[in-house]
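One-letter residues, chain by chain:
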Amino acid sequence: MTYLNENYHHPGSSWPSPYSSSPIPTNWPYMPTPWYQGDDSSYRSKEQPLTFVLVHGSWADTSFWAGIASELSKKGHTVYVPEFPGHGADPNKNVTHAMMSKSIADFIISHNLHNVILVAHSFGGTLIQKVAELVPDRLKRLVFLNAFVLKDGGMAADEFPPQVTEQFKQLVASSKNNTLMLPFELFRETFTNLATLDQAKRIYSKASPEPAGPLFEKLDLKKFYSLPIPKSYVHIMEDNVIPFGDPNYGWHPHMSSRLGIFRFLQLHGDHMTTPQYEPKLVADKLYEASRD
């Protein structure tokens, strides 16, 4: 995958894409340009062309979406994958939730995007909740791919059992720069539980320390819960990031049900391996979640 902007040259990615891009000026220096796909009438006749903006989660960057973005582009969709502060090429980890969500909203505005399908994975769900408050008139639908849906006044750390949250706090304290990096053993068993060991190691090698501050920020979401924007939840069924079996935690139905009326789809897979190694499967589900 080739990333271009006027301030930063990305050294390349292990997720190649045949789709070229050209620099697009942005008002934040670490924004990559969108994936482009030439017109293909055979695909466009089968699928309703949509505009996707894909928002990644924690311990990830825009390369998380490379395969999925390519699959969506092949089918005639326009796909953008904005990076946000504290991630990707940005060395500054002292960021806030508002900084991150505002940068995504600014990206949508600066590229004059409308009728956007705004998709989030994992922690990105908390970001698109706030982005929806900032640019509601530009959004066609919100799609949560095993993504957090916080209640009004909640924070992402609330969605983990107390013992997990305590472990996170200990890891942050040991970081000395207020970041959170998961040990490989924890990452392998929870984020990549369906992966081979080699696959898990490759995915983990791309992870970087996550700014911890936003994980513990309480969010005012009153406006979000008043918005009439259509919503979808795509549930990855073997995702073990949040432990199974406790009705007080979990992706679905614990968090998904907060959306009220929403379109619901499921697929087999885990939190990180499936999006990376089965991008066509995930892209197909995202389209089903997004079409009229």
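What counts and what doesn't
Residues numbered from 1 in each chain as written. Predicted model: local features only at pLDDT ≥ 70, side-chain atom pairs only at ≥ 80, totals over all residues. Heavy atoms only, no water. Phe/Tyr/Trp six-rings, centres within 6.5 Å; stacked < 30°, edge-to-face > 60°. Helix = DSSP H or I, 4+ residues; strand = E, 2+ residues; numbered from the N terminus. Buried < 20%, exposed > 50% of the residue type's maximum accessible area, 1.4 Å probe, protein only. Contact = heavy atoms within 4.5 Å. Core = buried A, V, L, I, M, F, W, Y, C linked by side-chain atoms within 4.5 Å. Pairing = 2+ DSSP bridges. Axes fitted to C-alpha atoms, helices over the stretch in contact; angles between N-to-C directions. Salt bridge = Lys/Arg side-chain N within 4 Å of Asp/Glu carboxyl O. Parallel < 35°, antiparallel > 145°, perpendicular 65-115°, else oblique. Left-handed = near helix turned anticlockwise from the far one by under 90°. Nonpolar A, V, L, I, M, F, W, Y, C, P; charged D, E, K, R; others polar. Expected span 1.5 Å × (residues − 1). Arc of directions from axis to C-beta. Lys, Arg positive; Asp, Glu negative; His and termini not counted. Polar contact = N/O pair within 3.5 Å; in protein donor to acceptor, adjacent residues only side chain to side chain.

**A few points about the packing of aromatic side chains**
Thought 1: In the structure shown here, the tally under the stated rule is 12 aromatic pairs.
Thought 2: Seen from their ring centres, W59 and F191 are 5.5 Å apart, and the 90° between their planes marks the pair as edge-to-face. Taken together, the residues W59 in the loop between strand 1 (51-55) and helix 2 (66-74) and F191 in the loop between helix 6 (184-190) and helix 7 (197-205) connect sequence positions 132 residues apart.
Thought 3: Residue classification places W59 among the buried positions, given a relative accessible area of 9%.
Thought 4: Since its relative accessible area comes to 6%, F191 is described here as buried.
Thought 5: An aromatic cluster is defined as three or more aromatic residues linked by ring pairs; in this entry it consists of W59, F184, F187, F191 and Y204.

**Section: the environment of L227**
Thought 1: Mapped onto the elements of the fold, L227 is located in the loop between strand 6 (210-211) and strand 7 (231-236).
Thought 2: Judged by its relative accessible area of 15%, L227 is buried.
Thought 3: Sequence separation of L227 and A132 is 95 residues, and the distance between their C-alpha atoms is 8.1 Å.
Thought 4: Here L227 is in contact with A132, E133 and P136, once residues within four sequence places are set aside.

**Comments concerning the nonpolar core**
Thought 1: In this structure, L54, W65, I108, L118, L139, L142 and F144 are the most contacted members of the largest nonpolar core, which totals 80 residues.
Thought 2: For this core, the leading source of residues is strand 4 (residues 139-147), giving six residues.

**What to know about the sheet that holds strand 8 (residues 263-267)**
Thought 1: Strand order in the open sheet formed by six strands is 2-1-3-4-7-8, with parallel pairing between adjacent strands. Because the sheet does not close on itself, it has two edges, and the strands there are strand 2 (78-80) and strand 8. For this sheet the average axis-to-axis angle between neighbouring strands, irrespective of direction, equals 20°.
Thought 2: In this structure, strand 3 (residues 116-122) lies alongside strand 4, joined through seven bridges in parallel fashion. What sits directly across from S122, in strand 4, is A147.

**A look at the pattern of salt bridges**
Thought 1: Tallied over the full model, the rule gives 11 salt bridges.
Thought 2: When the shortest N-O distance is used, the salt bridge between K140 and D292 registers 3.0 Å. With K140 in strand 4 and D292 in the segment after helix 10 (279-290), the pair connects residues that are 152 residues apart, well separated along the chain.

**Thoughts on the packing of helix 2 against helix 10**
Think of two packed helices as two axes; the pair is described by the angle between the axes and how far apart they sit.
Thought 1: Taken N-terminus to C-terminus, the directions of helix 2 and helix 10 make an angle of 60°; their axes are 8 Å apart at the nearest point. Relative to helix 10, helix 2 is oriented oblique. With respect to the hand of their crossing, helix 2 and helix 10 are arranged in right-handed fashion. Residues G67, I68, E71 and L72 of helix 2 form the contact with helix 10, whose own contacting residues are P279, K280, V282, A283 and L286.
Thought 2: In the contact of helix 2 with helix 10, the residues fall into six nonpolar, one polar and two charged.

**Details of helix 5 (residues 162-175)**
Thought 1: The end-to-end C-alpha distance of helix 5, which contains 14 residues, comes to 20 Å, matching closely the 20 Å that a straight helix rising 1.5 Å per residue would cover.
Thought 2: Listed in full, the buried residues belonging to helix 5 are V164, T165, F168 and V172. Taken down its axis, helix 5 places every buried residue within 100° of arc, on the same side. Turned more than 90 degrees off the buried face of helix 5, the exposed positions are P162, Q163 and A173.
Thought 3: The inward-facing, buried residues of helix 5 abut strand 5 (179-180).
Thought 4: Just downstream of helix 5, K176 is the residue with a positive phi angle, here 70°.

**Comments concerning the side chain of K231**
Thought 1: For K231, the position within the fold is in strand 7.
Thought 2: Buried charged residue K231 carries no salt bridge. Nearest counter-charge: E133, at 11 Å.
Thought 3: Dropping the residues within four chain positions of it, K231 is found in contact with R141, L142, F224, L259, F262 and R263.

**A look at the side chain of H56**
Thought 1: Relative to the helices and strands, H56 is located in the loop between strand 1 and helix 2.
Thought 2: Within the structure, H56 has its side chain in polar contact with the side chain of E83 (distance 2.6 Å).
Thought 3: With sequence-adjacent residues up to four places away left out, H56 is seen in contact with D61, T62, F64, W65, E83, F84, H87, H121 and G124.

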